[in-house]
Amino acid sequence: MISAVTFVIFVVAVLNSPLSQSPTDVVDEDKKKTKVENNKKEKKVDEKADKEAADQQEKDENKSSEKDSEVAKKDSEKTSEQASNEAKPVSKQSSSKGVPAKVVRVVDGDTIEVLMDGEQKEIRMLLIDTPETKHPSKPVEPFGLEASQFATETLKNKTVGIEVGKEETDKYGRLLAYVWVGDTTYQEMVLEKGWATTAYLYNDLTMLDEFHVAQEKAKSKGIGVWSIPGYAHVDHDHGYHYEEENEVVQKSTAKPAQQKPAQPKPAESALKYDVNGPDRDCSDFNTQAEAQAFMEASGPSDPHRLDGNDNDGIACESL
């Protein structure tokens, strides 16, 4: 006899058996399973898409950050460069060498006046000499005007660099200096043109070798002052010799002229001071002519040194 408990278990088992389910129930169950699986797949797809989107966004943000950083760096560099440029004085022909100065006047080929440190100063260029154009007792010498014109075109109203020599001034108070135009000296420029020679080596010889190189270019070509035989000399301290050379030519080709009596030196009685008396300097004279007469009466050796260091035969040019 089957017990009641066993019967109940049998009935429950039969009811839960798939065989007891209708076809419709089986289909619904399959749909549910399929839907669940599809949902899982869609979820995975969505999660993958979300991850890819997040990764892309992160990459974009990194690129944007790098770009912004690069732009900021360039802006910073540009700003720094602009600030640096604004801090530098802007002027034509400016030089990084020497003290900046504006050329306000060209006296001749080797002398200028500049505005420097708030003062107007006269500059005598070191180690060169150009032919005379304003000597009180000499005519305008060949190539003197060309040298002056070149100085005017190259220097006037320009900012240059003034590098004062070891001995700052001559006895006339003129600054003795190298004049820088960009990265070269004006001295080299005028020497290369053939309108100057190296001369008066009594101060600073720092640039003499460079000046010789520039001068040799003109000398080897025979241009400028080197185009006249015997006119110019290297490292001289006596000026140019155009008139002397002409006199030699005239003496060799012309008939002897009647010799004129030598002009006497200024009478010592007409001089302000005794030439054999105490040493005199330019401050003892009221005019340049007075100093000139005294120097000439003193003899060619210039014992009172009124001619200064340039040895051009002119006494007390500052008067």
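How each quantity is defined
- Residues numbered from 1 in each chain as written.
- Predicted model: local features only at pLDDT ≥ 70, side-chain atom pairs only at ≥ 80, totals over all residues.
- Heavy atoms only, no water.
- Axes fitted to C-alpha atoms, helices over the stretch in contact; angles between N-to-C directions.
- Helix = DSSP H or I, 4+ residues; strand = E, 2+ residues; numbered from the N terminus.
- Parallel < 35°, antiparallel > 145°, perpendicular 65-115°, else oblique.
- Left-handed = near helix turned anticlockwise from the far one by under 90°.
- Contact = heavy atoms within 4.5 Å.
- Nonpolar A, V, L, I, M, F, W, Y, C, P; charged D, E, K, R; others polar.
- Buried < 20%, exposed > 50% of the residue type's maximum accessible area, 1.4 Å probe, protein only.
- Pairing = 2+ DSSP bridges.

### Topic: the packing of helix α3 (residues 144-155) against helix α4 (residues 186-193)
Running from N to C, α3 and α4 point in directions that differ by 140 degrees, and their axes come no closer than 11 Å. In terms of orientation, α3 lies oblique with respect to α4. The handedness of the crossing between α3 and α4 is right-handed. In this structure, α3 uses Ala-147, Phe-150, Ala-151, Thr-154 and Leu-155 to contact α4, whose residues at the interface are Tyr-186, Met-189, Val-190 and Lys-193. Grouping the constituent residues of the contact of α3 with α4 by class yields seven nonpolar, one polar and one charged.

### Re the pairing of strand β6 (residues 175-181)
Each regular strand displays side chains that alternate between the two surfaces of the sheet. Burial runs high along β6: seven of the seven residues are buried. Residue alternation in β6 divides its side chains into two sets, Leu-175, Ala-177, Val-179 and Val-181 and Leu-176, Tyr-178 and Trp-180, and both sets are buried. Relative to β6, strand β3 (residues 119-125) runs parallel, the two sharing three bridges. What sits directly across from Met-125, in β6, is Ala-177. Examined bridge by bridge, strand β5 (residues 159-169) and β6 share five bridges and lie antiparallel to one another. Each residue of the ladder has a partner; that of Gly-161, found in β6, is Trp-180. Counting the residues that bridge the hairpin from β5 to β6 gives five residues, and of these Gly-173 lies at a positive phi of roughly 85 degrees. Here β6 folds back onto strand β7 (residues 184-185), and the loop between the two strands holds two residues, one of which, Gly-182, carries a positive phi near 70 degrees.

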